[in-house]
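Here is how the chains run, residue by residue.
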Amino acid sequence: MTAFLNVTASLTGRRWTGPDPAADRLAEAMAQTTRLPLPLCRILAARGVAPEDAPAYLAPLLRDLMPDPLTLKDMGTAADRLVRAVSRGDRIAVFADYDVDGGSSAALLLTWLRAFGIEATLYIPDRIDEGYGPNVPAMTSLAAAHDLILCVDCGTLSHEPVAAAKGADVVILDHHLALETLPPALAVVNPNRQDEDGTLAHLCAAGVVFLLLVEANRRLRAAGRQGPDLMAMLDLVALATVADVAPLVGLNRAFVRQGLKVMARRDRPGLRALADVARMDQAPTPYALGFLLGPRVNAGGRIGQADLGARLLATADEMEAARLAALLDQLNTDRREITEAVRAEALAQAESRGLDAPLVWAAADGWHPGVVGIVAARLKEAANRPAVVIGFEGEEGKGSARSVPGIDLGAAIQRLAAEGMIVKGGGHKMAAGLSLTRAQLEPAMARLSELLARQGAGAGGPRDLRIDSLLMTGAATVALVEEIENAGPFGAAAPAPRFAFASAQVSARRIGDSHLKLSVSDGSGPALDAIAFGAFDGPLGPALENPGHRRFHLAGKLELNHWNGRTRVQLRLDDAAPA
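The notes below deal with the structure included here. Predicted model, so just to flag it, every value in this text is computed and none were measured.

## Section: the overall build of the protein chain
Here comes step 1: In terms of helices and strands, the protein chain carries 20 helices and 18 strands.
Here comes step 2: For the protein chain, whose C-alpha radius of gyration is 24 Å, the value lies close to the compact-globule estimate of 25 Å for 579 residues.
Here comes step 3: For the protein chain, the spread of C-alpha atoms along the principal axes amounts to about 75 × 55 × 45 Å.
Here comes step 4: Among the 579 residues that make up the protein chain, the fraction classed as buried is 56%.
Here comes step 5: Carbon together with sulfur atoms contributes 52% to the accessible area of the protein chain, which is approximately 23,700 Å² in total.
Here comes step 6: Placing the 59 positive and 66 negative side-chain charges of the protein chain at their respective mean positions leaves the two points 3 Å apart.

Spelled out as structure tokens, the structure:
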């Protein structure tokens, strides 16, 4: 493949690859047919959108994309049991995972139940002491004091703990990959059950919970009762979908699009308080959900008290929201320091092993289990390979894994567990967790690398950077970016388009310790503002801070920057290369 703009080794060591000529021809034909801007048509063509479907794609309606919840197996049973619990005033417990998806799912249920005067018990296991998912002591205790236990974002593989919940009904609402045999729950609602058709496999747990509440409301209406306004809860679904890196396609795309509008109203005390401590001064975006709000919600489950995030999202009390948001903000600061220490060690270890294998991995004693997932994501980004990071405490190791598009990491790790090569493991396509002994480490990583290679991991260049389109700085207008944003929201499986700007003059100044603010011009119009976050953590900062008369090819994503009542286009710089 010919390198785009002949960039075979950029400042960060990557080869730039450009759009397929056939896709370019489709985009040009779409632009002629629809009169939409060519850069936007290139995005739509890359997404496989036909010209006649472009208007509907650019304005997705939830009602057009919502499935009948009953297409999911056990949904009717789950909805009946939930409605019966509300009607009888049953004692209800919500057992949730400690991440954003689990916390958002729990908050959805707690908020919905509160509308009927029911204060459900929230139980989130401690990451270190209890680990992921239901455990026998917790389920036994909850069953003794409750009539119904709702397990969200967990439970699909918890056969023994579910069986231990004697005297209570258990309903599982999950999206993690299932085995052939399901746990003995009253209902297991999971689009990734092996007997599902996979149509809704892209949903996160909060999406599954939302569909349950849609069906429960429908049954309440049939009985002459009114359920809560579910559209007002889509901010939680959007947050979970983005933070859990669920593919932003189909129903998920509509969830996030509508959820961002709900979040912009700032009605939910917890999210409002969290946005304030995160200093979010603009309308919410997928980036804000994934990198500002999500990490703070997660911080309690990673290094603090596991239920803080869910409590923040569910609270209706302004004072409690402010207190919890401040606490999570501080925990997130602490988490960043721990993460950076582990990241540096893990990257050095992985680089010494080589970043061109099908799997990149690192393991060491004392790495905090709450940050190994974040570090795995950083390794994945550095190598463009699936990555696993494992922290050992004695002979027992707990790890997290992150994948790249097209590689089903969860299925591969589940196969390791079935083969007895690890103690346990599971997840979904893009993320998974595992536990193993020190003796299992090397054989398990070798086997996992083999399984991932069969799926094509490692086939591409380890440092390729995909460019969607070439653009002149004068063409990067507010109107164009607004048009492009109509093709969003952007995220997993629907990445924001990356534009290249050829042979541009650059002036730059350092901001803080590691960031770089730039002004970019190729002579085609006004200069374009650009920002390179973390530039001095790598080679971009030193190379671009004092460019002199040298020109550079630049690559990054366009965004709108609102400041002091003005809106300007800004390039979020990903890479650069000498022209």
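## Quick look at the packing of helix α1 (residues 21-34) against helix α2 (residues 38-46)
A pair of packed helices can be characterised by two numbers: the angle between their axes and the separation between those axes.
Here comes step 1: The geometry of α1 relative to α2 is characterised by a closest axis approach of 8 Å and an angle of 125° between their N-to-C directions. As the angle between them shows, α1 and α2 are arranged oblique. With respect to the hand of their crossing, α1 and α2 are arranged in right-handed fashion. Contacts between α1 and α2 involve A23, D24, L26, A27, E28, M30, A31 and T34 from the former and L38, C41, R42, L44 and A45 from the latter.

## What about the sheet that holds strand β11 (residues 431-437)?
Here comes step 1: The five strands lie next to each other as β7-β8-β9-β11-β10, forming an open sheet whose pairing is mixed. Taken across any chain shown, the strands that pair with only one partner, and hence form the sheet edges, are β7 (360-365) and β10 (424-427). Each neighbouring strand pair of the sheet contributes to a mean axis angle of 15°, computed without reference to strand direction.
Here comes step 2: The pairing of β7 with strand β8 (residues 387-393) spans six bridges and is parallel. Residue pairing across strands places W361 opposite V388, the latter belonging to β8.
Here comes step 3: Along the sheet face, helix α16 (residues 372-383) touches β7, β8 and β9 (396-402) and points at about 45° away from the line of β9.
Here comes step 4: Those strands touched by helix α17 (residues 409-418) are β9, β10 and β11, and its axis lies near 160° from that of β10.

## Thoughts on the environment of R63
Here comes step 1: Residue placement: R63 occurs in helix α4 (residues 62-65).
Here comes step 2: As a C-alpha pair, R63 and A254 span 191 residues in sequence and 9.1 Å in three-dimensional space.

## Some points on the pairing of strand β15 (residues 515-521)
Look at any regular strand and the pattern is simple: side chains alternate between the two faces of the sheet.
Here comes step 1: Of all seven residues that make up β15, five are buried, and the element is covered over most of its length.
Here comes step 2: In this sheet, β15 lies alongside strand β14 (residues 499-511) in antiparallel orientation, the contact comprising seven bridges. From the neighbouring strand, S507 faces β15, where its bridge partner is S519.
Here comes step 3: Where β14 hands over to β15, the hairpin turn is made up of three residues, of which G512 adopts a positive phi near 65°.
Here comes step 4: Pairing of β15 with strand β16 (residues 528-532) involves five bridges; the strand directions are antiparallel. Looking across to β16, one finds that V520 is bridged to L528.
Here comes step 5: Hairpin connection between β15 and β16: a loop of six residues separates the two successive antiparallel strands, and G523 in this loop has a positive phi of roughly 85°.

## Describing the nonpolar core
Here comes step 1: Residues W112, L173, L213, L239 and L293 are the most contacted members of the largest nonpolar core, which totals 86 residues.
Here comes step 2: If you tally residues by element for this core, the top one is helix α9 (residues 205-222), at 10 residues.
Here comes step 3: In contact with W112, not counting residues within four places along its chain, are L82, V86, L213, A216, N217, L220, P228, L230 and M233.

## A short note on α2
Here comes step 1: Among the residues making up α2, those that are buried are P39, L40, C41, I43, L44 and A45.
Here comes step 2: On its buried face, α2 sits against α1, α3 (54-58), α19 (478-485) and β14.
Here comes step 3: Just beyond α2, the residue with positive phi is G48, at close to 80°.

## Quick word on the environment of E351
Here comes step 1: Position of E351 relative to the elements: it lies in helix α15 (residues 318-353).
Here comes step 2: Linking E351 and P578, residues 227 residues apart in sequence, is a C-alpha distance of 25 Å.

## What about the side chain of S105?
Here comes step 1: With respect to the secondary-structure elements, S105 resides in helix α6 (residues 100-114).
Here comes step 2: The contact partners of S105, leaving out residues within four places of it in the chain, are V152, A205, A206 and V209.

Calculation criteria
- Residues numbered from 1 in each chain as written.
- Predicted model: local features only at pLDDT ≥ 70, side-chain atom pairs only at ≥ 80, totals over all residues.
- Heavy atoms only, no water.
- Helix = DSSP H or I, 4+ residues; strand = E, 2+ residues; numbered from the N terminus.
- Rg over C-alpha atoms; globule rule 2.2 N^0.38 Å.
- Buried < 20%, exposed > 50% of the residue type's maximum accessible area, 1.4 Å probe, protein only.
- Areas by Shrake-Rupley, 256 points an atom, 1.4 Å probe, with all protein chains shown as cover.
- Lys, Arg positive; Asp, Glu negative; His and termini not counted.
- Charge placed at Lys NZ, Arg CZ, Asp CG, Glu CD.
- Axes fitted to C-alpha atoms, helices over the stretch in contact; angles between N-to-C directions.
- Parallel < 35°, antiparallel > 145°, perpendicular 65-115°, else oblique.
- Left-handed = near helix turned anticlockwise from the far one by under 90°.
- Contact = heavy atoms within 4.5 Å.
- Pairing = 2+ DSSP bridges.
- Core = buried A, V, L, I, M, F, W, Y, C linked by side-chain atoms within 4.5 Å.

These results come straight from atomic positions and should not be treated as a statement about function.
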